[in-house]
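Tertiary structure, described
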There are 2 protein chains.
Amino acid sequence: MPSPTRTPIEVNGRSYQWMRQPVVVVCVDGCEPDYITQAIEAGVAPFLARMCERGASTLADCVVPSFTNPNNLSIVTGAPPSVHGICGNFFWDPDTGQEVMMNDAKYLRAGTILAAFSNAGAKVAVVTAKDKLRAMLGHGMRGICFSSEKADKATLADNGIEDVLALVGKPVPSVYSADLSEFVFAAGVALMKRDRPDLMYLSTTDYVQHKHAPGTAEANAFYAMMNGYLEELDRLGAVVAITADHGMSAKTDAGGAPQIIYLQEWFDARLGAGRARVILPITDPYVVHHGALGSYATCYLPADADIADVTAGLVAVPGIEAVYTRAQAARRFELPPDRLGDIVVIAEKLNVLGTTASRHDLSALEVPLRSHGGISEQKVPLIFNRPLHNVPSGRRLRNFDIVDLALNHCA
Amino acid sequence: MPSPTRTPIEVNGRSYQWMRQPVVVVCVDGCEPDYITQAIEAGVAPFLARMCERGASTLADCVVPSFTNPNNLSIVTGAPPSVHGICGNFFWDPDTGQEVMMNDAKYLRAGTILAAFSNAGAKVAVVTAKDKLRAMLGHGMRGICFSSEKADKATLADNGIEDVLALVGKPVPSVYSADLSEFVFAAGVALMKRDRPDLMYLSTTDYVQHKHAPGTAEANAFYAMMNGYLEELDRLGAVVAITADHGMSAKTDAGGAPQIIYLQEWFDARLGAGRARVILPITDPYVVHHGALGSYATCYLPADADIADVTAGLVAVPGIEAVYTRAQAARRFELPPDRLGDIVVIAEKLNVLGTTASRHDLSALEVPLRSHGGISEQKVPLIFNRPLHNVPSGRRLRNFDIVDLALNHCA
């Protein structure tokens, strides 16, 4: 264990004290706060209940767009997307004129807290469910960094670890399963026992949350599983800090029909076919559970479009919550303006935004659509197994304050 | 059955065709759409699933404040509160200088569709769970109008019916129970069999919804119960139309602690003790399930208060979604300005507004707080057991369009 009297680490303008015991930061993908509330109510998450009672529990605002990549990167950099540059899972790269995944570390504009501590001598480990996040989370970092999805492919050279399956004692899980997240927790516990990392980041996937509402048997089973592993990390002496990348809402009518506004169709009818370009930054290679349908879109408009006129037309569409210009969205949500379209569109809680009906495969949705991306999924849990100290009342807490709180404000 | 070729009935500027078969309009109190979605997913509401598939299902906007009285009165008058005058369960009467329940028909400024049809010769019946709504719903109406709560007290003179318990075959239920709503449905079926009313209005209570999240066993049991009675009404040949007075949201952090902003304390600190008056229009005599905590408040300010300054201060409080002046709120939500304070305050989805900590008995909350009142609970189901015709696409549907849709647009 490094001495806590060492010089604090500075990352992206914030200062982090050295840890006095192992610190485990957990990002539970799609964890609408009610998932935990209902699991506690059902009696299946007694350790989570104890964390809230004896440690600390509050709500925090995640980054909007309330998607996975922007929020995971905010958590590990301690900064908003205006600083780290990752404002979607997917964006339109104006340099190449192509729509691309924002998975590559070349898009990252800031260093991570994980990298900074590891380079200063701390033992750091990262386990993420899907491999898409691994490269960015591990950027510049020494130590262990691998995904459940490719756990069998991990090598000492690339991931700082090998024989992960033997360590965890589980097979590689399906990418569409609750097991993919369980593997993250099981690996976290195994690593804590074997290596006792100073700082560990565990990031799950929201496969369960996209399918099952808070309080249902399937959701409760997921949180019961999580409860057990987190309790073990607590017993091993770690500070355990939990947050989420975003919440999760039903996106259907009462009968389960998805409430979709097809923005490309709207623009094609108003401005001419193909003249506007609608980007859905929720898009990723794993769309079976959400059909690339979320509540946030950014749109590039033709040079002759009247933005005020387009905005007025869009806000009148039932289900649209708000429309912002690039500058407004960049300011309000702390986003990098050069990676936004001319406008940003946010849907209401029960609505999602699509491009055209033909470009979304709804047949892949096995259950009524639940998704995220909007302001309606901005509130996420912030829970610690120890009390917090010296947090000014009235401070607007963000999910990306979690490392600051765990290192600088936790007993 | 009256002839459907009779002259349509005009009420509050809208025209209603005569029914060709019995029409049953159901207001399911606190029915966030996901309650029905999850009950269908769980397989316990097959008739509701069939209604959505073969009839019609969409979402509609309820009235904000998303409370019981304003919305029930909007449904039966087909008009917003600016027309009928009921903008809360509770208000400050400037004529008397007192805070009073808005239960008395003397506060009603518009006639109801129920009264108009009954006075034109239609057989009309109303059953409501709590007695607080009965006087207003039955105002000016001939026919049957009683509550589950006081079913044993119903008389021919006052309620148009006697011996209700014998008709329904159930005892008077507890006011804090799911049975109070089941009694409404059971009475509706019994009345349909015995009297075959032309127009029936059934209005339940949200005791279950305040306690249990969509998809939980208790919530699913409620919707399974409702599914059975509605199927029976369908089998008896009625048009069945379902909506809600408002949705329902968790109002806690992940640990289940209520997220309360005490507005009177805020005003007392800013303007001096007792100088502003905070009115919580959710207040009613039955506060055990919500502690008089909802997401909407209206506030009377002292004459020397700077409204712009107060507004700027309030919107900066974490958990406040929006603050409107009286005129803005009256326009945006179609409310009667003379029954609003100087400002209207709306809380975010997971927050509620209180007066002072000492005036809310949180010990009465047996489970994590779930409540309503804000914009976050504005979306409600609108479901029919027959297809709808000639509804213009792009029409913003309201829950109080339900009688128009059932009589003028239903097959």
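Anyway, here's the lowdown on the structure attached to this text. Residue numbers run consecutively from 1 along every chain, following the written order of its sequence. A letter from A marks each chain and a number from 1 marks each ligand, given out in the order of writing. Residues qualify for local features only when their pLDDT is at least 70, as the model is predicted, and side-chain atom pairs are given and counted only at 80 or more; totals for whole chains, interfaces and linings, by contrast, use all residues. Side-chain numbers come from the whole structure's heavy atoms, not from hydrogens or water.

**Considerations on the packing of aromatic side chains**
Given two aromatic rings, one states the distance between the centres and the angle between the planes to describe the pair. All names here are of chain A. Put simply, two rings from Phe, Tyr or Trp (the six-membered ring, in Trp's case) pair if the centres are within 6.5 Å, and we call them stacked under 30 degrees between planes, edge-to-face over 60, tilted for the rest. The tally for this structure, following the rule as stated, stands at 20 aromatic pairs over all chains. Ring centres 5.0 Å apart and planes at 80° place the aromatic pair tryptophan 18 and phenylalanine 117 in the edge-to-face group. With tryptophan 18 in the loop between strand E2 (14-16) and strand E3 (23-27) and phenylalanine 117 in helix H5 (residues 113-119), this residue pair connects regions lying 99 residues apart in the sequence. Buried, partly exposed and exposed residues are distinguished by accessible area as a fraction of the type maximum, computed with a 1.4 Å probe on protein chains only: under 20%, between the cut-offs, and over 50%, respectively. According to the relative accessible area criterion, phenylalanine 117 is buried, its value standing at 0%. Members of the aromatic cluster, joined through ring pairs, are Tyr35, Phe222 and Tyr223. Residue placement shows arginine 6 over the ring face of tryptophan 18; its charged tip is 4.1 Å from the ring centre. Each helix corresponds to a stretch of at least 4 residues labelled H or I by DSSP, and each strand to a stretch of at least 2 residues labelled E; elements are numbered beginning at the N terminus. Here, a charge over a ring is recorded when the distance from Lys NZ or Arg CZ to the ring centre is within 6 Å and its angle to the ring normal is within 35 degrees.

**Describing the sheet that holds strand E7 (residues 124-128) of chain B**
Residues and elements named next belong to chain B. At least two bridges found by DSSP between two strands are what make those strands a pair. Read across the sheet, 7 strands follow the order E4-E19-E10-E3-E9-E7-E8 without closing on themselves; strand pairing throughout is mixed. Because the sheet does not close on itself, it has two edges, and the strands there are strand E4 (56-61) and strand E8 (144-147). Strand-to-strand, the axes of this sheet are offset by a mean angle of 15°, without reference to chain direction. For E7 and strand E9 (residues 199-203), the ladder comprises 5 bridges, and the chain directions are parallel. Each bridged residue has a counterpart across the sheet, and for valine 126 the counterpart in E9 is tyrosine 201. The strands touched by helix H1 (residues 33-41) within the sheet are E4 and strand E19 (379-384), with E19 carrying the most contacts at an inclination of about 55°. Contacts between residues were defined by any pair of non-hydrogen atoms, one from each residue, lying within 4.5 Å. Interaxial angles span 0 to 180 degrees and are taken between N-to-C directions of axes, which are lines fitted to C-alpha atoms, for helices over the stretch in contact. Docked against the sheet, helix H3 (residues 68-77) engages strand E3 (23-27), E9 and strand E10 (239-243), running at close to 170° with respect to E9.

**Quick word on the interface of chain B and chain A**
In this assembly, 36 residues from chain B lie in contact with 36 residues from chain A. Where chain B abuts chain A, roughly 2500 Å² becomes buried across the two surfaces, and 58% of that area is made up of carbon and sulfur atoms. When two components associate, each loses some accessible surface as probed by a 1.4 Å sphere; the sum of these losses over both components is called the buried area. When the area that chain B buries against chain A is broken down by residue, the three leading residues are Leu59, Ala254 and Lys349 of chain B, summing to 22%. Salt bridges are identified by distance alone: a Lys or Arg side-chain nitrogen within 4 Å of an Asp or Glu carboxyl oxygen. Our enumeration of links across chain B and chain A arrives at 6 salt bridges. With a shortest N-O distance of 3.1 Å, lysine 349 of chain B and glutamate 32 of chain A are connected by a salt bridge. N or O atoms within 3.5 Å of each other form a polar contact, as long as, within protein, one can give a hydrogen and the other can take it, and as long as residues adjacent in sequence are counted only when both atoms are side-chain atoms. Connecting chain B to chain A are 12 residue pairs in polar contact (both at pLDDT 80 or more).

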